[in-house]
Amino acid sequence: MDVVVVGGGVVGALTALECARAGHRVTLVERGPLPNPAASSHDQHRNLRALHPGDPSTSLAGLRAHEAWLRLESVLGKRFYHVVGALSVGPRVSEATAVPGERLDSAELRRRFPQFVFPDGSTGFLERDAGVLLADKVLDAVVAWLLAQPDVDLLPHNEVVAVEPGAVRLAGGRVLHGDRIVVAAGPWTRSVVKDDQVTVRRQTMLYCSPPAWPALPAIPSLGTDSGAWLVPPVGGTQLKLSADSACRPVSEVDGTTPTRTDALVGLFRELVPAFEPGWVVGARDCHYTIGPDGGARLVEFAGGVLALTACGGGSFKFAPLIGRALTARIGGDRSEPTGLTAMDHPVPGGDPC
Ligand SMILES: Cc1cc2nc3c(=O)[nH]c(=O)nc-3n(C[C@H](O)[C@H](O)[C@H](O)COP(=O)(O)OP(=O)(O)OC[C@H]3O[C@@H](n4cnc5c(N)ncnc54)[C@H](O)[C@@H]3O)c2cc1C
């Protein structure tokens, strides 16, 4: 089939890769360069944790994502996944789970991770099959692979202005036709296909260069009410700090000057006793979109158009599963699961435009 993919972030790029591997002819359209540093996926790193406390099916999908990234490294012949484990701290993290790892009681948590101040009585779970994905290196590797495929056309610097059944209209008037169209334009998807149930979130992140930092796992949750998390410096990257409290709903996706930096500095001074504001070497606001259930959302429109109308705040790690499931769906197989309800049971839409 002829498949047109709109958006060269991690979801679009991996969907293009899976479609090409399945034998489809693929055109990947991106409004900026490929990869595009402005994409939500473009960053030094992203955490991969499988454990989603109280949600066994998403945790299982997380384990499948871990396997999928290891496989992708061997397909692409590049290293971008550092399996350093992941530490989650919080009230429900020690509940029964199929995720391999160690439960840490309060005393053990403090003994093993003396760098942090945890809330009183916190327990932890240290996952084994988890870690840090070097996001920009992932995008570089996938784009390099796509460039080498005879049946893949890459169209950087081409903005899609409308998506219609079976067709994609570019700025300048050119129209691309496809048997199937996948729209994965991240938080910008809503500007080309309609879904009024999607909202935008903007989150500030701090990038730090501490003088010394021990080898630590990814820490998707420090167990605080503020939802503090961090990505450790692995493979030459910086330490990244943020918190759910630095995330807010906004009406537009645009490049603003980050506004929550002081609040994050204050927060991490309390949580990391050694932290110095002088460690901070940069800050960035990044956007994602959510559907009504707080996560990603897939809508299946008329005329063979599949759109990830909400990209979700944790979809980087699931992107290989999403790419595979979308490709299976294009080939008529609706049984390939991502494990994510929003992907496995897409919402029907009418006309995309
Ligand atoms: C602060 C923050 C922290 C996060 N942390 C994690 C984490 O630790 N782990 C995790 O798994 N996930 C995390 N996420 C979520 C993850 O980054 C996103 O879910 C994921 O990157 C979305 O990828 P995407 O390909 O859908 O969108 P994007 O990466 O945004 O890609 C969309 C692409 O489409 C292009 N585009 C847009 N409009 C058009 C158009 N009209 N025509 C052509 N091209 C267009 C854009 O230029 C862009 O390149 C985080 C997100 C944020 C904001």
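A few words on the domain arrangement of the protein chain. By a widespread convention, an interface's size corresponds to the accessible area lost as its parts come together. The assigned domain composition of the protein chain is domain 1 (2-42 + 136-197 + 293-348) and domain 2 (48-130 + 199-290). Inter-centroid distance (C-alpha atoms) of domain 1 to domain 2 is 26 Å. Summed over the three residues of domain 1 that lose the most area to domain 2, namely P187, R190 and K317, the buried surface amounts to 22% of that side. Linking domain 1 with domain 2 are one salt bridge, by the criterion used here. With a closest N to O distance of 3.7 Å, R64 and E336 form a salt bridge. Here domain 1 is connected to domain 2 by 10 residue pairs in polar contact (both at pLDDT 80 or more). Elements that contribute at least two residues to the side of domain 1 that touches domain 2 include exactly α1 (10-21), α4 (135-147), β21 (305-310) and α6 (319-330). When grouped by side-chain class, the residues that make up the side of domain 1 that touches domain 2 number 20 nonpolar, 11 polar and six charged.

Here we take up the side chain of R329. Relative to the helices and strands, R329 resides in helix α6. R329 gets classed as buried once you look at its relative accessible area, which sits at 10%. At a separation of 3.4 Å, a polar atom in the side chain of R329 contacts the side chain of E300. The contacts of R329, once residues within four sequence positions are left out, are E300, L306, R334, M343, D344 and P346.

Overall, antiparallel pairing links the three strands, which are arranged β10-β11-β12 in an open sheet. With partners counted over all chains shown, the strands left at the sheet margins are β10 (160-164) and β12 (175-177), one partner each. Between one strand and the next, the sheet's axes are offset by a mean angle of 20°, whatever the strand orientation. Summarising the sheet, β10 and strand β11 (residues 167-170) pair through four bridges and their orientation is antiparallel. Following the sheet pairing, V160 is matched in β11 by L170.

Conventions we followed
Residues numbered from 1 in each chain as written. Predicted model: local features only at pLDDT ≥ 70, side-chain atom pairs only at ≥ 80, totals over all residues. Heavy atoms only, no water. Domains from an automatic or database assignment. Buried area = accessible area lost by both parts, 1.4 Å probe. Salt bridge = Lys/Arg side-chain N within 4 Å of Asp/Glu carboxyl O. Polar contact = N/O pair within 3.5 Å; in protein donor to acceptor, adjacent residues only side chain to side chain. Helix = DSSP H or I, 4+ residues; strand = E, 2+ residues; numbered from the N terminus. Nonpolar A, V, L, I, M, F, W, Y, C, P; charged D, E, K, R; others polar. Buried < 20%, exposed > 50% of the residue type's maximum accessible area, 1.4 Å probe, protein only. Contact = heavy atoms within 4.5 Å. Pairing = 2+ DSSP bridges. Axes fitted to C-alpha atoms, helices over the stretch in contact; angles between N-to-C directions.

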